[in-house]
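Okay, here's what each chain looks like letter by letter:
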Amino acid sequence: MIEPILETRGLDKNFGALNVARNINFALAPGARHAIIGPNGAGKTTLINLLTGVLKPSAGSVYLGTNDITKMAEHQRVKHGIARTFQINTLFMGLSVIDNLNLAISERMGNATGILRPAGNYSEVMEEAGRILSTLKLDNDALTEIHELPYGRQRLVEIAIALALDPKVLLLDEPAAGVPSAESHIILDAVDSLPKDIAVLIIEHDMDVVFRFAERITVLVRGAILAEGDPDEIAADKEVQAVYLGESAHV
Amino acid sequence: MTSSTGTPTGSLARSVQFLQRRHRFHWAEIIPWILAIAVFYLLPGYRLLATQILVMILFALSLDLIVGYAGIISLGHTAFFGTGAYITALMASNDIPDPILGLIAAAAGAAVLGLVSGWVLLRTTGLTLLVLTMAVTIMLQELANDFDEITGGFDGINFTNSEILGLIELDQLWYSSSYIYVLVVLFFGFLTIRTIVYAPFGRMLIGIRENTQRMSAIGTPVHQRQVSVYIISAAIAGIAGALWVQVQGNVTTEVYTFELSGEVLIMLILGGTGRLYGAFLGATVYKILESTTEQVLGTDEPYWQFAIGIVLILTVLFARRGLFGIFEDIVKKFKGASKGEVQ
Ligand SMILES: Nc1ncnc2c1ncn2[C@@H]1O[C@H](COP(=O)(O)OP(=O)(O)O)[C@@H](O)[C@H]1O
Ligand SMILES: [Mg+2]
């Protein structure tokens, strides 16, 4: 088996009496296309928060390659190549799209603490921003402030910022959440065309998307991994079917 | 199918060009300096007031760095102002009367206090942070009162400065050299702050203000960066405090009052936060309002407090971007939709 790029061992997380992560042993392969599915409240976002260092686990550890990063702060993990997007837009609302990207690019290139030269004179930052904006077809909105953008395009900026970090691992938390279905293909196309060398973990509710995109699927229920396998295995899994049928029967 | 409002659509190159030019000086930025020089010649009788306004502008600018840019709200900025003031006064009264040395020591001392207090305080946010910044100031004021054999207590310390660079004497009669001295220091202080806010560091501060959570997610060590800007801001506030007492040749525990912390915050909000020139406008309007209400209605505090209260309520309700925001809107109306606002 290939060495995983990101891995958890025996990960637990409690919020008081609530166990949102229970003994999670999860591995993401380099260049993977991996999906996590599971009902609302299953602990999917919490898992991303544990992987990125937003939350500290109650027990267990997180590995990046062979390095134990359990105690590493969120911002340091980013510098080691872990980027994420948020289920609910977490953007610089009052700034333009290109300013949003430049913050991430400056930080990655290590010039975010420069105090002498004007930000506009860093041509390498501008070029990189231009490249990402063109790739995601956001170039016409470069100077538009985020709050003026339709929600769908804001979701695209979420991905753009993460890409600006030049990640090895990209964690996408429901990238198309809240986007009208007529527009969601724009987001999903962007997800489909992500560089192949990035390991992508996606949380997604749309099963069509999951089964088209993912080479591997993990099913999370009440904080624990219920099943994991390739799409065919998951589709055939009786327990998974029970959970999903049970879920839809309640809705 | 783009939603760009008021921007030239279609061209990435033009957007990049806008960013490449954003930091350039606009011709109108010379206006405050021309006004400052005009006041010197045309209104010699108001030079003390005008000098105080210049100092308050520098103080408000230092506060703008943390409040307006980094989004760190503080009701304790006089901690640094007062520390700078006392360091300068104590040096001058202990045989180190050189004003420039006084400024440097004030900046250094305030910066150290900024580092120590910022490191602890900036672990908190919101109301907790507000109360803690306040508490530090109140504690320092209490210390200054208790150690009155050093600080001179309520009566304060009188001192004389030596000549600036061994050449120019700070006169306390006509305030002519004092005014120019303060104006020059303000000018360099302003240039420093302006350079910082247009550099990546300043953009990064705006990012922290706009979304701290996202800043961590793009790899920013937020606390460390907040402490760095707190130190810079403290140093400049310390210089403002030093200027304040150098001009008067006297320091009292008033430089540590919590009220002054509130006043400078009001000046900044009144003028507009996060836009540099808000500090100029806010400090000027505030100080002029203060002195005219005192002249017209007498020095009874309540009238003045009442007037400023009303102005502040109007600002917060109807002009969230302050007086300078209103000014920007007017300019925009005249020029049609243009995005070149100073930020
Ligand atoms: N910071 C928190 N404090 C307390 N409970 C939380 C916190 N974050 C998430 N939870 C709870 O943990 C459970 C899992 O949440 P989440 O990871 O967001 O689920 P999912 O993303 O799978 O919908 C939910 O019951 C949620 O209410
Ligand atoms: Mg979620």
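Residues numbered from 1 in each chain as written. Chains lettered and ligands numbered in written order. Predicted model: local features only at pLDDT ≥ 70, side-chain atom pairs only at ≥ 80, totals over all residues. Heavy atoms only, no water.

## With respect to the overall build of chain A
Point 1. When helices and strands are tallied, chain A shows 9 helices and 10 strands.
Point 2. Rg of the C-alpha trace for chain A: 19 Å, near the compact-globule value of 18 Å for 251 residues, within the 12% margin.
Point 3. Along the first, second and third principal axes, the C-alpha atoms of chain A reach 60 × 40 × 35 Å.
Point 4. In chain A, which comprises 251 residues, the proportion classed as buried is 57%.
Point 5. Sequence separation of at least 24 residues holds for 65% of the intrachain contacts in chain A that already meet a minimum separation of 6.
Point 6. In the form shown here, chain A has an accessible surface area of approximately 10,600 Å², with 54% of it arising from carbon and sulfur atoms. (Helix = DSSP H or I, 4+ residues; strand = E, 2+ residues; numbered from the N terminus. Rg over C-alpha atoms; globule rule 2.2 N^0.38 Å. Buried < 20%, exposed > 50% of the residue type's maximum accessible area, 1.4 Å probe, protein only. Contact = heavy atoms within 4.5 Å. Areas by Shrake-Rupley, 256 points an atom, 1.4 Å probe, with all protein chains shown as cover.)

## Section: the coordination of the magnesium ion (ligand 2)
Point 1. Coordination of the magnesium ion (ligand 2) by the protein is provided by A:Thr45 (OG1) and A:Gln87 (OE1), with metal-donor distances spanning 2.0 to 2.1 Å. In this pair, A:Thr45 sits in helix 1 (residues 44–52) while A:Gln87 sits in the loop between strand 6 (82–84) and helix 3 (97–109), placing the two residues 42 residues apart along the sequence. (Donors = N, O, S within 2.8 Å, 3.2 Å for Na, K, Ca; no water.)

## Points about the sheet that holds strand 5 (residues 67–68) of chain A
Residues and elements named next belong to chain A.
Point 1. If you walk across this open sheet you meet the 4 strands as 2-1-4-5, and the pairing is antiparallel. In this open sheet, the two strands that pair with only one neighbour each are strand 2 (18–28) and strand 5.
Point 2. Of the pairings in the sheet, the one linking strand 1 (residues 6–15) to strand 2 comprises 7 bridges and is antiparallel in character. Counterpart to Thr-8 in the pairing with strand 2 is Phe-26.
Point 3. With respect to the sheet, helix 1 is in contact with strand 1, strand 2 and strand 4 (59–64), its orientation differing from that of strand 1 by roughly 120°. (Pairing = 2+ DSSP bridges. Axes fitted to C-alpha atoms, helices over the stretch in contact; angles between N-to-C directions.)

## Observations concerning the sheet that holds strand 8 (residues 199–203) of chain A
Residues and elements named next belong to chain A.
Point 1. Taken in spatial order, the 6 strands of this open sheet run 6-7-8-3-9-10, and their pairing is mixed. Every other strand in the sheet has two partners, leaving strand 6 and strand 10 (224–229) as the edge strands with one partner each. For this sheet, the mean angle separating the axes of adjacent strands, direction not counted, is 20°.
Point 2. Bridge count for strand 3 (residues 33–37) against strand 9 (residues 216–221) is 4 bridges, and the pairing is parallel. In the strand pairing of strand 9, His-34 is matched with Arg-216.
Point 3. Sitting on the sheet, helix 5 (residues 151–164) is in contact with strand 6 and strand 7 (169–173), with an inclination near 160° to strand 7.

## Some thoughts on the domain arrangement of chain A
Many authors give the size of an interface as the accessible area that is lost as the parts come together.
Residues and elements named next belong to chain A.
Point 1. Considered domain by domain, chain A is made up of domain 1 (1–81 + 167–251) and domain 2 (92–165).
Point 2. The centre of domain 1, based on its C-alpha atoms, is set 26 Å off from the matching centre of domain 2.
Point 3. Each partner contributes to the interface: domain 1 provides 19 residues, whereas domain 2 provides 10 residues.
Point 4. Carbon and sulfur atoms supply 73% of the area buried between domain 1 and domain 2, which totals about 1,100 Å² over both sides. (Domains from an automatic or database assignment. Buried area = accessible area lost by both parts, 1.4 Å probe.)

## Topic: the interface of chain A and chain B
Point 1. On the chain B side, the residues contacting the 49 residues of chain A number 39 residues.
Point 2. Buried surface at the junction of chain A and chain B, summed over both partners, amounts to about 3,700 Å²; 61% is from carbon and sulfur atoms.
Point 3. Its largest share of buried area at the contact with chain B, chain A owes to A:Phe92, A:Asn140 and A:Leu143, together 17% of the area lost on that side.
Point 4. Taken together, chain A and chain B are joined by 3 salt bridges. (Salt bridge = Lys/Arg side-chain N within 4 Å of Asp/Glu carboxyl O.)

## Structural notes on the pairing of strand 7 of chain A
Residue and element names in this part refer to chain A.
Point 1. Within strand 7, 5 of the 5 residues are buried, leaving the element largely enclosed by the surrounding structure.
Point 2. By the alternation rule, side chains of strand 7 split into Val-169, Leu-171 and Asp-173 and Leu-170 and Leu-172, which are all buried.
Point 3. Pairing of strand 7 with strand 8 involves 5 bridges; the strand directions are parallel. The residue of strand 8 that forms the bridge with Val-169 is Ala-199.

## Notes on the site of ligand 1
Residue and element names in this part refer to chain A.
Point 1. Taken together, the residues surrounding ligand 1 are Phe-15, Leu-18, Val-20, Pro-39, Asn-40, Gly-41, Ala-42, Gly-43, Lys-44, Thr-45 and Thr-46.
Point 2. Within the backbone of Gly-41, one N or O atom sits 2.8 Å away from an oxygen atom of ligand 1.
Point 3. Thr-45 is positioned such that a nitrogen or oxygen atom in its side chain is 2.7 Å from an oxygen atom of ligand 1.
Point 4. Coverage of ligand 1 by the protein amounts to 59% of the 560 Å² it exposes when considered alone.
Point 5. Contributions of two or more residues to the shell around ligand 1 are made by strand 2 and helix 1.
Point 6. In terms of residues, the shell around ligand 1 owes the most to one element, helix 1, which gives 3 residues. (Near = heavy atom within 4 Å. Polar contact = N/O pair within 3.5 Å; in protein donor to acceptor, adjacent residues only side chain to side chain.)

## Structural notes on the packing of aromatic side chains
Point 1. The full count for this structure, using the stated rule, is 15 aromatic pairs over all chains.
Point 2. Here the aromatic rings of B:Phe190 and B:Phe280 are separated by 5.3 Å at their centres, their planes lie at 90°, and the arrangement is edge-to-face. Of the two residues, B:Phe190 sits in helix 8 (residues 176–198) while B:Phe280 sits in helix 13 (residues 277–297), which places them 90 residues apart along the sequence. Note on accessibility: B:Phe190 and B:Phe280 belong to one class, buried.
Point 3. Chaining the aromatic ring pairs together yields one cluster made of B:Trp33, B:Phe187, B:Phe188, B:Phe190, B:Tyr277, B:Phe280, B:Phe324 and B:Phe327.
Point 4. Taking NZ or CZ as reference, A:Arg9 lies 3.9 Å from the ring centre of A:Tyr63, over its face.
Point 5. Directly above the ring of A:Phe86 sits A:Arg84, whose terminal nitrogen or CZ lies 4.0 Å from the centroid. (Phe/Tyr/Trp six-rings, centres within 6.5 Å; stacked < 30°, edge-to-face > 60°. Lys NZ or Arg CZ within 6 Å of the ring centre and 35° of its normal.)

## Focus: helix 6 (residues 184–192) of chain A
Residues and elements named next belong to chain A.
Point 1. Taken residue by residue, helix 6 has Ser-184, Ile-187, Leu-188, Ala-190 and Val-191 as its buried positions. Along helix 6, the residues classed as buried sweep out an arc of 155° about the axis, all on the same side.
Point 2. In this fold, the buried residues of helix 6 make contact with helix 5, strand 7, strand 8 and helix 7 (207–213). (Arc of directions from axis to C-beta.)

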